[in-house]
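Here is what each chain is made of, one letter per residue.
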Amino acid sequence: MEPSSGSRDAGPAVPPVAAVLPAGGSGERLGGATPKQFCAVQGRPLVSYTVRAMERIGWISDIIVVVSPENVETMKSIIEKYGHKRVTVVKGGITRHRSIFNGLKVFAENEFSDHLLQKPEVVIIHDAVRPFVEEDILSKVVMAAKEHGAAGAIRPLVSTVIASAADGCLDHSLERARYRASEMPQAFLFDIIYEAYQQCTDYDLDYGTECLHLALKYCKTNAKLIEGTADLWKVTYKRDLYAAESIIKDNLSQQVCVITDVKEVVAQVGSLLHESLQSQIKVEAMSASLSKNDSHLQNILSGHCYNFVCVNDKKCAIQETQQLVDVLEKSNIPLLYPVVLILVHLDVSENISFSIGMEELTRIKKFARELKKKNILVYGLLIQYK
């Protein structure tokens, strides 16, 4: 179930949901000169993955990214390069809470933005260095926040928490089964969390880290706690970047889109390919004329699919492939990840010969070399099909 926010074209039936992503950390624990949110993973800044996770959810109307003043232009260049939409960049404060407060102010004050954005009913707060958040958990915390005023994801504690005495010896330990780790995302009725930030002390703003605590302390709002999934972890140390890269590579390799022409024999081969692959990986299949820029393909592209098998008649191989490439380039997909494009060309002629002219072969190789420069890796199969 997703939160109801009405049609974007017709205007929202209820106030929208917005997201605030604090991204002002220095990355001190990560080490190195580049803050972790701007570190490249598979050639793309980490923060861009998190923005994309929010951006692909239609019921989130605005995404506020809060960065340190010296990184505002860097963040704006990332938005432009990767074609992010609905994103506003805001200057952060010297602490996490002050940065989040600045992000909330774009809906209530003109100080941190050129214009006021529409105040949401619910605001999501999520760390910019937690890139693997899914729509399901976002929807759960938003729905719970609408009912309870505040909600947040939690996870079981991995280690036992202990307290040390002044002499450095063990003072006491907590019963691990009774406690949970507070994670992100969290969601709040906007009026509640904004009022909490307006009321909190400088000490809270400078030393606090838990937003749910502010809602409880200043607005008497008991947050609903939602059990989160294991992929909500935060990139903190250098080893986490390697883990994130591994997850992204694995996700990319686990899905493929099979595209066929509308011709009966081509569609038949595509159907057989779909059946043989679906037991191993996630497969999307479509039969359409690419020249029509099919909306189904656009939806597949927006769903993070970067592997394609294009089945067509050998006679129109280059033309069909070029139409697919045009769609890919317009989507900016190759800017984000390498795109793998496997071309399956069917020879359905009666001619027994399985040869291909040198002129045509040279043309195909040149075509593939040009696409490689655009981050599109082309592989080809020529099949005689009776």
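Scroll up to find the structure this text is about.
Values in this document were obtained by computation on a predicted structure and should not be read as measured data. (Residues numbered from 1 in each chain as written. Predicted model: local features only at pLDDT ≥ 70, side-chain atom pairs only at ≥ 80, totals over all residues. Heavy atoms only, no water.)

## Overview of the packing of aromatic side chains
Applying the stated criterion to the full structure yields six aromatic pairs. Ring centres 5.4 Å apart and planes at 15 degrees place the aromatic pair Phe 190 and Tyr 194 in the stacked group. Separated by four residues within a single helix, Phe 190 and Tyr 194 lie in helix α5 (residues 190-199), roughly one turn from each other. For the pair formed by Phe 190 and Tyr 194, the shared burial category is buried. (Phe/Tyr/Trp six-rings, centres within 6.5 Å; stacked < 30°, edge-to-face > 60°. Helix = DSSP H or I, 4+ residues; strand = E, 2+ residues; numbered from the N terminus. Buried < 20%, exposed > 50% of the residue type's maximum accessible area, 1.4 Å probe, protein only.)

## Some thoughts on the nonpolar core
Within the largest apolar cluster, 37 residues are counted, with the highest numbers of intra-cluster contacts made by Val 47, Met 54, Val 65, Met 75 and Ile 124. Contributions of two or more residues to this core are made by β1 (17-22), α1 (46-55), β4 (60-67), α2 (72-81), β5 (87-91), β6 (122-125), α4 (135-148) and β7 (150-156). With residues up to four places along the chain from it excluded, the contact list for Ile 124 reads Val 17, Ala 18, Ala 19, Val 20, Met 54, Trp 59, Ile 60, Leu 138, Val 142, Pro 185, Gln 186 and Ala 187. Membership of the second largest hydrophobic core comes to 30 residues, among which are Ala 18, Val 66, Cys 211 and Tyr 218. (Core = buried A, V, L, I, M, F, W, Y, C linked by side-chain atoms within 4.5 Å. Contact = heavy atoms within 4.5 Å.)

## Focus: the sheet that holds β7
Reading across the sheet, the seven strands line up as β5-β4-β1-β6-β10-β7-β11 and stay open at both edges, with mixed pairing between neighbours. For this open sheet the edge positions go to β5 and β11 (224-227), each flanked by a neighbour on one side alone. Neighbour-to-neighbour, the strand axes of the sheet open up by a mean angle of 25 degrees, direction not taken into account. Direction of pairing for β4 relative to β5: parallel, over a ladder of five bridges. In the strand pairing of β5, Ile 64 is matched with Thr 88. Against the sheet, α2 makes contact with β4 and β5, and its axis sits at roughly 170 degrees relative to β5, the strand it touches most. Its contacts with the sheet put helix α7 (residues 211-219) on β6, β7, β10 (180-189) and β11, and the angle it makes with β10 is roughly 60 degrees. (Pairing = 2+ DSSP bridges. Axes fitted to C-alpha atoms, helices over the stretch in contact; angles between N-to-C directions.)

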